[in-house]
Amino acid sequence: GLRRIDHVGIAVADLDAAIDFYQRTFGMRCVHTETNTEQGVREAMLAVGPTTEGGCVQLLAPLTPESAIAKFLDRNGPGVQQVAYTVADIDAACAALRERGLRLLYDTPRRGTAGSRINFVHPKDAHGVLIELVEV
Ligand code: V0V
């Protein structure tokens, strides 16, 4: 089952400007930055509260014009691209969702932020929201 909201992912064109905005405006703290070439992103995690227990905002900037984030920005402009939930066992969680007829984007989990294992539910199977599962 799901444990908590891990992060809300927001597509942005300029990562540094977006980090600066969240830090100055809301006092969020940038706890991690990373480049994930497989996912085609440069990303930053900002803790909403004093610790990451309160969930994070994940800022996502495209690495290449063909990446998922570049395509999202072209289509929608900047904005919420995904909601990610923490799970204890991603293999079990994906199996349970497939059992319920949902399409998972990957046959087996891929590498997410900080070595986590991730998979996604297709947005067309989840009321228009790209749902990420994260096993930490
Ligand atoms: C596309 N659609 C979305 C959407 N992206 N709806 C809601 N939220 C989104 N983010 C809609 C789109 O408007 C179409 O609707 C429909 O889905 C199918 O679009 P498509 O053209 O077939 O598919 P694409 O090429 O737009 O790709 C969509 C998917 C792609 C979700 C398949 O973005 C993907 O593979 N995402 C997973 C990987 C990812 O997002 N990586 C970046 C974050 P209509 O027009 O048919 O109605 S990396 C990350 O989160 C990390 C590292 C981490 O957290 O650890």
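Everything numeric in this text was worked out from a predicted model, so none of it was measured.

Asks: What is the right way to read the packing of aromatic side chains from this model?
Replies: For any pair of aromatic rings, the description consists of the separation of the ring centres together with the inter-plane angle of the planes. For the structure shown, the criterion picks out 4 aromatic pairs. For the ring pair Phe21 and Phe26, a centre distance of 6.0 Å and an interplane angle of 85° mean the geometry is edge-to-face. Overall, Phe21 belongs to the partly exposed group, its relative accessible area being 42%. Ring geometry for Tyr106 against Phe120: centres 5.9 Å apart, planes inclined by 85°, an arrangement best described as edge-to-face.

Asks: I'm lost on the sheet that holds strand S8 (residues 131–135) in this one. Help?
Replies: Ordered in space as S2-S3-S4-S1-S5-S8-S7-S6, the 8 strands form an open sheet in which the pairing is mixed. Among the strands making up the open sheet, the edge pair consists of strand S2 (29–36) and strand S6 (110–111). Pairing between strand S1 (residues 2–11) and strand S4 (residues 56–62): 5 bridges, direction parallel. Pairing of Val8 across the sheet is with Val57, part of S4. Across the sheet, helix H1 (residues 15–26) touches S1, S2, strand S3 (41–47) and S4, and the angle it forms with S3 is around 5°.

Asks: Please explain the side chain of Glu34 as it appears in this structure.
Replies: Relative to the assigned elements, Glu34 resides in strand S2. Note on Glu34: relative accessible area 13%, which makes it buried. One polar contact links Glu34 to His32, side chain to side chain, over a distance of 2.7 Å. Here the side chain of Glu34 touches Arg111 through a polar contact of 3.0 Å, side chain to side chain. When near neighbours in sequence (up to four residues on either side) are disregarded, Glu34 contacts Val41, Arg42, Glu43, Arg111, Gly112, Thr113 and Ala114.

Asks: Where do I start with the pattern of salt bridges in this structure?
Replies: Two side chains carrying opposite charge are able to pair once their charged atoms lie near each other. Tallying each qualifying case throughout the model produces 8 salt bridges. For Asp16, the salt bridge is made with Arg42, and the minimal N-O distance between the two is 3.7 Å. With Asp16 in helix H1 and Arg42 in strand S3, the pair connects residues that are 26 residues apart, well separated along the chain. Taking the relative accessible area as the measure of exposure, Arg42 reaches 34% and is therefore partly exposed. Ionic pairing is found between Arg117 and Asp91, a salt bridge with its closest N-O pair at 3.1 Å. On the criterion of sequence distance, the pair formed by Arg117 in strand S7 (residues 117–121) and Asp91 in helix H3 (residues 90–99) is long-range, its members being 26 residues apart. Asp91 sits in the partly exposed class, given a relative accessible area of 40%. Each of the salt bridges in this network shares a partner with another, and the network as a whole consists of Asp91, Arg117 and Glu135.

Asks: Help me out: how do you make sense of the site of the ligand in this one?
Replies: Close to the ligand lie 24 residues, the nearest being Gln39, Lys71, Arg75, Thr113 and Lys124. In this structure, Lys71 approaches the ligand through a side-chain N or O atom, which is 2.6 Å from an oxygen atom. Between Gln81 and the ligand, the recorded distance is 2.9 Å, taken from a side-chain N or O atom to an oxygen atom. Contact with the protein chains hides 71% of the accessible area of the ligand, taken as 1100 Å² for the molecule alone. Elements represented by at least two residues in the shell around the ligand include exactly S3, helix H2 (68–76), strand S5 (79–87) and S7.

How each quantity is defined
Residues numbered from 1 in each chain as written. Predicted model: local features only at pLDDT ≥ 70, side-chain atom pairs only at ≥ 80, totals over all residues. Heavy atoms only, no water. Phe/Tyr/Trp six-rings, centres within 6.5 Å; stacked < 30°, edge-to-face > 60°. Buried < 20%, exposed > 50% of the residue type's maximum accessible area, 1.4 Å probe, protein only. Pairing = 2+ DSSP bridges. Helix = DSSP H or I, 4+ residues; strand = E, 2+ residues; numbered from the N terminus. Contact = heavy atoms within 4.5 Å. Axes fitted to C-alpha atoms, helices over the stretch in contact; angles between N-to-C directions. Polar contact = N/O pair within 3.5 Å; in protein donor to acceptor, adjacent residues only side chain to side chain. Salt bridge = Lys/Arg side-chain N within 4 Å of Asp/Glu carboxyl O. Near = heavy atom within 4 Å. Areas by Shrake-Rupley, 256 points an atom, 1.4 Å probe, with all protein chains shown as cover.

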